Amino acid sequence: MNKTVKHPPNGLLSPPEIDVVSNKDPRDRGGPAQPLFIVKNLVKNFPVRGGILNRTTAQVQAVSNVSFQVLKGETLGVVGESGCGKSTLARLLMHLLDRTSGELIFDGDSVGVHGGMPMRKFREAAQMVFQDSYSSLNPRLPVEDSVSYGPKVHGMAGKAARELARDILKKVGLRPEIFGPRYPHELSGGQKQRVNIARALALSPRLVILDEAVSALDKSVEAQVLNLLRFLKRHYNLTYVFISHDLNVVQYISDRVLVMYLGEVVELGPVDEIYNRPRHPYTRALLRSRLSMDPDDRMDDAPIAGDPPNPINPPSGCRFRTRCPYAEPICASTPPAISQWTGPESHTVACHMYNPVDGHSLSGNPPAHDAMPDTDIQSRPTRVHA
Amino acid sequence: MTDTNISFATAKGAASEPQQDRVRSYWQLVRLRLRYDKVTLFFGMIIVAIVLIALLAPILPLRDPLETSMINRLKPIGHEGFILGTDELGRDMLSRIIWGGRSSLLMGLLPVALALLIGGGLGVIAGFMGGTVNMMIMRVMDVFYAFPSILLAVAISGAMGGGMLNGLISLTVVFIPPLCRVAETATTQVRGLDFVEAARASGAGSASIIGTHILGNVLAPVFVYASGMVSVSILVASGLSFLGLGVAPPTPDWGLMLSTLRQAIYVNPIVCALPGIAILITSLSFNMLSDGLRQAMDVKM
């Protein structure tokens, strides 16, 4: 290490130089064609209890029948409104919540079933960065101990774990000799989130689930952390599932985007496809709800009105039909099937208008994205400039 | 106020060794804060003094606390040879107060310590497991909680008979439910926080999570609560002795002394008040210490 490196006075390291680790990962089993994480028909219902006998009176359908694949080395963005089940999905993926039904397959191994991948091994291979950087660090533990806790749990000796923690703190841009002994309440929001990222990386995972990881940060800090995430992804050969409600951030960091509405996947495709040629009326409305940087381009009406329906009693058929401008009787009677997934580049959507045989008046002849009212998406500032 | 102490301490530490590479533990921080809290230190020292004097009673040059003398009954404070006077049987009050402190302190500390172990442990288990386990433990605690503490102690002691051991047991039973409740509440709060979830996500088992993440955050409130209970315990123990359910005469005990001396209150009121003053000073000191500890242990979440 060059001793003369000058550190900024605030103790943050300047962005680390990029050195890309070879894409050949010794832990890889299925090869590049095998998705890292396959999610099949994932369902999570939370019982609503009530009455004298505390019986289950209803089910909150937080996640219903969600299927997708996370490809090796990609960043899959997950967007949706508040309350659409994004955080529940994250906890289900980490197996922190028991799923009601469905299947998780990590690089060919079944997760969370008897005889499948051991939970201990899975917890090393997949890690999560939590949304609330305040409550996700133990206030009684110095930063270094928080980061080295995971490796110690997995049997690493105390000294080696501390070395590792310092090394990773350096990687996330915090000087270990300054920040290692500090307590979480002595850190800023951005620093705490860096520590959270360090904690997740301490187990050298292959998959990192980022649940609103930058949502609570200032715009400038957000950009720093996003760039850090991109650097770490290359450096450690990571795969991200990036969950956020912020469309700009998701567009900036994602390779593919999954759009959720009320616990269901409504659209999934490569990021440019989703942002430039959105198909599902919900995705279109969501994209149009972004504010323009042009002061003359005022938004008079919100593109989608109202709140999402109650997930205890979701609408029949298509769940978006109560807010959809193209809703027809077929939408109330039959839930639309998501179109066939054919490969990494495929753009799938769950809408009757895109299935020629579904019986919607616009079936097979959906309105073009440009035909929709409001302005063009292209001129919108969609990139986060770091 | 506490904050300035911290930053001062940190600045000092940084000056003496510029590249501080040492991880300061939570308890070191608490000690640092206590060092600057004069009031707490003062009352802490009083407690240390009381405990030391009580422990050293056998080797101090004192009269025999059981030696009666019919001609020296109820002598006032400062009477020749009896610095604090004598009681209704002519026994030396100074000696009896010091010897009595032994049983009173024991009755104050031991039940609370036992209750801290049992009640605190049950509370953490109930809080961490949740669901049915929580319900079973906490409902049992509620049954005990329904009685006022003195009534419960009197009832248990009365049922088992007098004596020090039974007094200890009844006091322990009395203090388990409130400590269990405090521990359970604190644990339930901590358990829902993301860092516990994160620890689970890193593959840690329940024991490791409780040891590393739960206990550290639960111990402070429970410990502070328990230290406040020591004074309650001394008072209840005195009450038991007063009622004849705790320590049996002629063993010196503050509560018992108060009880037997009360008939002499019109003859020599100051001497009669001495055991009460001893109880007051001790329980006040424990209360103040508990207050100071609460402040020192209050690390920002």
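If you're wondering where the values come from, they're calculated on a predicted model, not measured in any experiment.

Would you mind going over the overall build of chain B in detail, with residue names and values included?
The helix and strand inventory of chain B stands at 11 helices and 0 strands. Counting from the amino terminus, helix and strand elements in chain B follow one another as α-α-α-α-α-α-α-α-α-α-α. Each principal axis of the C-alpha atoms in chain B carries an extent, and together these give about 75 × 55 × 30 Å. For chain B, the residues scored as buried account for 42% of the 301 residues in total.

Explain the overall build of chain A to me, and be specific about the residues and the numbers.
Assigned secondary structure in chain A consists of 11 helices and 11 strands. Considering chain A as a whole, with its 386 residues, one finds that 44% of them fall into the buried category. Contacts spanning at least 24 positions in sequence make up 66% of the contacts within chain A whose residues lie at least 6 apart.

Describe in detail the packing of helix α6 (residues 149–160) of chain B against helix α7 (residues 164–191) of chain B, supporting the description with residues and values.
Packed helices, taken two at a time, are described by the angle between their axes plus the distance between the axes. All names here are of chain B. Interaxial distance between α6 and α7 falls to 9 Å at its minimum, and their mutual angle equals 145°. As α6 packs across α7, the resulting crossing turns out to be right-handed. Contacts between α6 and α7 involve Ser149, Leu152, Ala153, Ile156, Ser157 and Met160 on the former and, on the latter, Asn166, Gly167, Ile169, Ser170, Leu171, Val173 and Val174. Within the contact of α6 with α7, the residues separate by chemical class into 8 nonpolar, 5 polar and no charged.

How would you explain helix α11 (residues 269–297) of chain B if you had to name every residue and give the values?
Taking 1.5 Å of rise per residue, 29 residues should cover 42 Å, and α11 of chain B covers 42 Å from first to last C-alpha, within 8% of that figure. Along its length, α11 of chain B reaches its greatest deviation from straightness, about 35°, at Pro275 of chain B.

Pulling in residues and values, what's your account of the interface of chain B and chain A?
Bring the parts together and some accessible area is lost; that lost area is often taken as the interface size. Facing 26 residues of chain B, the contacting portion of chain A comprises 28 residues. Among the elements that line the side of chain B that touches chain A, the one with the most residues is helix α8 (residues 194–201) of chain B, at 7 residues. Considering only residue class, the side of chain B that touches chain A consists of 10 nonpolar, 9 polar and 7 charged.

Summarise the confidence of the model for chain A; cite the residues concerned and give the values.
Residues and elements named next belong to chain A. With 88% of its residues at a pLDDT of 70 or more, chain A shows a mean pLDDT of 83. In this model residues 1–7 is a low-confidence stretch, pLDDT under 50, and it forms 2 contacts with partners more than four residues away in sequence or in other chains. Note that pLDDT drops below 50 for residues 18–22; the model gives that stretch 7 contacts with residues more than four away or on any other chain.

Break down the pairing of strand β4 (residues 101–106) of chain A for me, citing the residues and quoting the values.
Residue and element names in this part refer to chain A. Note that strand β1 (residues 37–50) and β4 share 5 bridges and pair antiparallel. Bridge pairing in β4 links Val43 to Ser101. In terms of strand pairing, β4 meets strand β5 (residues 109–110) through 2 bridges, oriented antiparallel. Counted as the bridge partner of Phe106 is Asp109 from β5. The antiparallel pairing of β4 with β5 creates a hairpin that spans 2 residues between the two strands, and Asp107 there sits at a positive phi of about 45°.

Please set out the sheet that holds strand β6 (residues 126–129) of chain A residue by residue, giving values where relevant.
Residue and element names in this part refer to chain A. Pairing is mixed in the open sheet, where 7 strands are placed in the order β6-β7-β8-β3-β9-β10-β11. Lying at the two open borders of the sheet, with one neighbouring strand each, are β6 and β11 (348–349). Judged from the 4 bridges that link them, β6 and strand β7 (residues 207–211) form a sheet pairing that is parallel. Among the inter-strand pairings, Ala126 is bridged to a residue of β7, identified as Leu207.

Got a sec to walk through the packing of α6 of chain B against helix α9 (residues 206–242) of chain B? Specific residues and values, please.
Residues and elements named next belong to chain B. For the pair α6 and α9, interaxial distance at closest approach is 10 Å and the crossing angle is 45°. Considering their axes alone, α6 and α9 lie oblique with respect to each other. You can see that α6 and α9 cross each other, and the crossing is right-handed. Of the residues in α9, those in contact with Ser149, Ile150, Ala153, Val154 and Ser157 of α6 are Val236, Gly239 and Leu240. In terms of residue class, the contact of α6 with α9 is built from 5 nonpolar, 3 polar and no charged.

Describe the sheet that holds strand β2 (residues 55–70) of chain A, listing the residues and the values that go with them.
Paired through backbone hydrogen bonds, the strands of a sheet run either parallel or antiparallel to each other. Spatial strand order, β2-β1-β4-β5 (chain A): 4 strands in an open sheet with antiparallel pairing. The two strands at the open ends of the sheet, each matched to only one other strand, are β2 and β5 of chain A.

Run through the nonpolar core, naming residues and quoting values.
For soluble globular proteins, the rule of thumb is that nonpolar side chains tend to be buried together. Judged by nonpolar contacts, the single largest core of 165 residues is most densely connected at Ile209 and Val241 of chain A together with Leu179 and Val222 of chain B. Of the residues forming this core, the biggest block, 18 residues, is contributed by α9 of chain B. Discounting chain neighbours no more than four positions away, the residues touching Leu179 of chain B are Ala115, Leu116, Gly119, Gly120, Gly123, Val222, Tyr225 and Ala226 of chain B.

Any details on unusual backbone geometry? Residues and values, ideally.
Residue and element names in this part refer to chain A. With a phi close to 45°, Asp107 is a non-glycine residue in the positive phi region. Despite not being glycine, Leu262 shows a phi value in the positive range, around 50°. Mapped onto the secondary structure, Leu262 falls in the loop between β9 (256–261) and β10 (264–270). Overall, Leu262 belongs to the buried group, with 24 C-beta atoms counted inside 10 Å.

Give a detailed account of the environment of Glu267 of chain A, specifying residues and quantitative values.
Residues and elements named next belong to chain A. Considering the arrangement of structural elements, one finds Glu267 in strand β10. Taking the number of C-beta atoms within 10 Å as the measure of exposure, Glu267 has 28 and is therefore buried. With 74 residues separating them along the chain, Glu267 and Trp341 place their C-alpha atoms 11 Å apart. Leaving out residues up to four positions away in the same chain, Glu267 has contacts with Val259, Ile274, Pro278, Arg279, His280, Thr283 and Val349.

If you had to explain helix α10 (residues 254–261) of chain B to someone new, which residues and values would you point to?
Residue and element names in this part refer to chain B. For α10, the tally of buried residues reaches 6 of 8 residues, placing the bulk of the element in the interior. Those residues of α10 not exposed but buried are Trp254, Gly255, Leu256, Met257, Leu258 and Leu261. At its buried positions, α10 is contacted by α4 (93–129), α9 and α11.

Provide a residue-level description of the environment of Val357 of chain A, including the pertinent values.
Residue and element names in this part refer to chain A. Following the sequence through the fold, Val357 ends up in the segment after β11. Residue Val357 is classed as exposed on the basis of its C-beta count, with 8 C-beta atoms lying within 10 Å. Measuring from C-alpha to C-alpha, the distance between Val357 and Leu258 comes to 25 Å, with 99 residues separating the pair along the chain.

So what about the pairing of β1 of chain A? Which residues, and what values?
Residue and element names in this part refer to chain A. When β1 meets β2, the two strands line up antiparallel, connected through 11 bridges. Bridge assignment links Gly50 to a residue of β2, and that residue is Arg55. Joining the antiparallel neighbours β1 and β2 is a turn of 4 residues, in which Gly51 adopts a positive phi near 80°.

I'd like to hear about the confidence of the model for chain B, residue by residue, with values.
All names here are of chain B. Taken as a whole, chain B shows an average pLDDT of 82; of its residues, 90% reach a score of 70 or greater. Predicted confidence is poor over residues 1–21, with pLDDT under 50, and the contacts of this stretch with residues over four places away or in other chains come to 11 contacts. Across the predicted assembly, pTM comes out at 0.78 and ipTM at 0.78.

How would you sum up the environment of Thr172 of chain B? Please name residues and give values.
Residue and element names in this part refer to chain B. When you line up the elements, Thr172 lands in helix α7. When the 22 C-beta atoms within 10 Å are taken as the criterion, Thr172 is described as buried. Residues Thr172 and Ala115, spaced 57 residues apart in sequence, show a C-alpha to C-alpha distance of 5.3 Å. With residues up to four places along the chain from it excluded, the contact list for Thr172 reads Pro111, Leu114 and Ala115.

About the thresholds
Residues numbered from 1 in each chain as written. Chains lettered and ligands numbered in written order. Predicted model: local features only at pLDDT ≥ 70, side-chain atom pairs only at ≥ 80, totals over all residues. Helix = DSSP H or I, 4+ residues; strand = E, 2+ residues; numbered from the N terminus. Buried ≥ 20, exposed ≤ 12 C-beta atoms within 10 Å, placed from the backbone. Contact = placed C-beta atoms within 7 Å. Axes fitted to C-alpha atoms, helices over the stretch in contact; angles between N-to-C directions. Left-handed = near helix turned anticlockwise from the far one by under 90°. Nonpolar A, V, L, I, M, F, W, Y, C, P; charged D, E, K, R; others polar. Expected span 1.5 Å × (residues − 1). Bend = angle between axes of the 7 residues up to and from the residue. pLDDT = per-residue confidence, 0-100. Pairing = 2+ DSSP bridges. Parallel < 35°, antiparallel > 145°, perpendicular 65-115°, else oblique. Core = buried A, V, L, I, M, F, W, Y, C linked by C-beta atoms within 7 Å.

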